[in-house]
Amino acid sequence: MTDNTNNVAEEGFRMPGEFEPHDGCWMLWPERKDVWRLNAAPAQKAFVEVACAISKSEEVTVAVSDQQYDNARTMLPEHIKVVEMSSNDAWMRDIGPSFLTNDSGELAAVDWDFNAWGGEDGGLYPDWSKDSRVAQKVCEITDATRFDAPLVLEGGSIHVDGQGTLITTKECLLNRNRNPDLNQHQIEQLLRDYLNVERIIWLDQGTVEDETDGHIDNLCCFIKPGVVALHYCEDPNDPQHAISEDAYRILSNSTDARGRQLKVVKLPHPGPLFISKEEATGIDDNEDSQPREEGQRLAGSYANFYIANKHIVFPKLDPEKDDKAAAILAEQFPDREIIGVPAREILLGGGNIHCITQQQPTVKNTK
């Protein structure tokens, strides 16, 4: 069912924090040859590892095109669901719905406008017509009431604590290539209307060379209410240092919707990481898509992890930093097993584990 009016708050819906219980996780299958190298085979292997790790504690559904259905069904174990669904690429976080729940035991979701991270002004590919229908299709499969929001927004550009607080970046949400006719106040009002949040914390920039224009999920995330994990670079000569330090200052001096002073946990900075010659030559050239060239810096971040019901699935990106990141996550999530997945192939496509996943929260009736 589609609700074109905005009754989110009236019906008691909210967007739960990712650390709250899930009924499942949604993913898409990679296949674009101009994004994923070597006919997407290495990326598909990485996606399978992510799906298998998450499926240890929650149901996983992978949406895949008809052309790739047999391949995906063969590569994925039987307990992972595979459904046919068209898309232009594989970033379920950004093109899928943002799920909502209420205390009456109902599931809903926000279907945002999507323009491939910038449309004609810096967008990553020229045709996103299939992507723009994914959220509605997922809503129909899950029987979620769909709220159609008049705002260009990708799911990776917001993080919430489930208790009224949202974090985002000015670099993305205030970018002229998203909602040029809306000012900050108007965007904030739409976020409040469709996610039932009260407090919005604005950071200035996201991770260096993030082609999504600074998505928050590559910079920081809520570990739990009142606690945020931040991608932090210690090297003052690295451009990421100033960005991370500014974000740390803003977050440390912020309070959430319930008046708590935020605690910030620093995650190490992998690399810096760059595309190798071999990796660049394995991608089909397409003048309409984002170039992948030797020497380009990759926007690697350990903050781009997924919180599953009983696990943390994080990207292994740098052998010198992976163990440190895992130890910090283990300390912050003592009740969850930490699983590292080799994720460079996902990073080469422009994102990471959080970007390719979308949690479906548990619906429970508390009345």
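In what follows, the accompanying structure is described.

1. Details of the overall build of the protein
Then comes step 1: Helix and strand content of the protein: 10 helices and 19 strands.
Then comes step 2: Rg of the C-alpha trace for the protein: 19 Å, near the compact-globule value of 21 Å for 367 residues, within the 12% margin.
Then comes step 3: Taken along the three principal axes of its C-alpha coordinates, the protein extends 55 × 50 × 45 Å.
Then comes step 4: Here the protein, with 367 residues, has 60% of them falling under the buried criterion.
Then comes step 5: In the protein, the proportion of contacts linking residues at least 24 apart, taken out of those at least 6 apart, comes to 75%.
Then comes step 6: Both charge centroids of the protein, one from 35 positive and one from 63 negative side chains, sit 5 Å from each other.

2. What to know about the pattern of salt bridges
Then comes step 1: Going through the model one piece at a time under the given rule, you end up with 16 salt bridges.
Then comes step 2: For E154, the salt bridge is made with R178, and the minimal N-O distance between the two is 2.9 Å. With E154 in the loop between β7 (145–152) and β8 (159–160) and R178 in the loop between α5 (170–173) and α6 (184–195), this pair connects stretches of sequence that are 24 residues apart. Each member of the pair, E154 as well as R178, carries the same accessibility label: buried.
Then comes step 3: Salt-bridge contacts for R260 lead to D256; the nearest nitrogen and oxygen are separated by 2.6 Å.
Then comes step 4: On the basis of relative accessibility, which here comes to 3%, the residue D256 falls in the buried class.
Then comes step 5: Each member of the salt-bridge network shares a partner with another, and the members are E154, R178 and D213.

3. Focus on the sheet that holds strand β10 (residues 199–203)
Then comes step 1: Pairing is mixed across the open sheet formed by three strands, whose spatial order is β8-β9-β10. Of all strands in the sheet, those with a lone pairing partner are β8 and β10, marking the two edges.
Then comes step 2: Sheet topology note: the β8/strand β9 (residues 165–169) ladder contains two bridges and is antiparallel. Residue pairing across strands places H159 opposite I167, the latter belonging to β9.
Then comes step 3: Set on the sheet, α6 makes contact with β9 and β10; between it and β10 the angle comes to about 130°.

4. Remarks on the packing of aromatic side chains
Then comes step 1: Under the defined criterion, the tally for this structure stands at eight aromatic pairs.
Then comes step 2: With a centroid separation of 5.8 Å and 70° between ring planes, the pair formed by F13 and F147 is classed as edge-to-face. Highlighted residues: F13 in the loop between β1 (2–3) and β2 (22–28) and F147 in strand β7, separated in sequence by 134 residues. For the pair formed by F13 and F147, the shared burial category is buried.

5. Let's talk about the side chain of R292
Then comes step 1: Among the structural elements, R292 can be located in the loop between α8 (277–281) and β15 (297–298).
Then comes step 2: A residue is classified by how much of its surface remains accessible, and R292, at 10% relative accessible area, is buried.
Then comes step 3: From its side chain, R292 meets the backbone oxygen of L348 in a polar contact 2.9 Å long.
Then comes step 4: Leave out the neighbours within four places in its chain, and R292 touches V35, E211, I275, A280, I283, L348, G349 and G350.

6. A word on the nonpolar core
Then comes step 1: Grouped together as the largest cluster of nonpolar side chains are 90 residues, with contacts concentrated most on M27, L76, I167, L203, L251, F305 and I346.
Then comes step 2: When residues of this core are assigned to their parent elements, the largest contribution, eight residues, is made by helix α1 (residues 41–54).
Then comes step 3: Excluding its chain neighbours within four sequence positions, the residues that come into contact with F305 are E18, C221, L267, I312, V313, F314, P315, L329, F333 and H354.
Then comes step 4: Counting 24 residues, the second-largest nonpolar core is a separate cluster that includes F13, F147, L153 and V160.

7. Here we look at the sheet that holds strand β19 (residues 357–361)
Then comes step 1: On the basis of which strands lie adjacent, the open sheet formed by four strands has the order β4-β3-β2-β19 and mixed pairing. The outermost strands of the open sheet, each flanked by one partner alone, are β4 (81–84) and β19. Within this sheet the neighbouring strands show an average axis-to-axis angle of 25°, counted without direction.
Then comes step 2: Bridging between β2 and strand β3 (residues 59–64) involves five bridges; their strand directions are parallel. By the bridge assignment for β3, G24 is matched with E59.
Then comes step 3: Where α1 meets the sheet, it contacts β2, β3 and β19, and its direction lies at approximately 175° from that of β2.

8. Looking at the environment of Q358
Then comes step 1: Mapped onto the fold, Q358 is located in strand β19.
Then comes step 2: Owing to a relative accessible area of 2%, Q358 belongs among the buried residues under this scheme.
Then comes step 3: In this structure, Q358 is in contact with G24, C25, W26, M92, R93, G96 and P97, ignoring residues within four places of it in sequence.
Then comes step 4: Among the polar contacts listed, one links the side chain of Q358 to the backbone oxygen of P97, at a separation of 3.2 Å.

9. Focus on unusual backbone geometry
Then comes step 1: Along the chain, G271 connects to P272 via a cis peptide bond; the corresponding omega equals 20°.
Then comes step 2: In this structure, N39 takes a positive phi of about 60° despite not being glycine.
Then comes step 3: Examined against the element boundaries, N39 turns out to sit in the loop between β2 and α1.
Then comes step 4: Despite not being glycine, D213 has its phi angle at roughly 65°, a positive value.
Then comes step 5: Within the fold, D213 resides in the loop between β10 and β11 (220–224).

What counts, and where the lines are drawn
- Residues numbered from 1 in each chain as written.
- Predicted model: local features only at pLDDT ≥ 70, side-chain atom pairs only at ≥ 80, totals over all residues.
- Heavy atoms only, no water.
- Helix = DSSP H or I, 4+ residues; strand = E, 2+ residues; numbered from the N terminus.
- Rg over C-alpha atoms; globule rule 2.2 N^0.38 Å.
- Buried < 20%, exposed > 50% of the residue type's maximum accessible area, 1.4 Å probe, protein only.
- Contact = heavy atoms within 4.5 Å.
- Lys, Arg positive; Asp, Glu negative; His and termini not counted.
- Charge placed at Lys NZ, Arg CZ, Asp CG, Glu CD.
- Salt bridge = Lys/Arg side-chain N within 4 Å of Asp/Glu carboxyl O.
- Pairing = 2+ DSSP bridges.
- Axes fitted to C-alpha atoms, helices over the stretch in contact; angles between N-to-C directions.
- Phe/Tyr/Trp six-rings, centres within 6.5 Å; stacked < 30°, edge-to-face > 60°.
- Polar contact = N/O pair within 3.5 Å; in protein donor to acceptor, adjacent residues only side chain to side chain.
- Core = buried A, V, L, I, M, F, W, Y, C linked by side-chain atoms within 4.5 Å.

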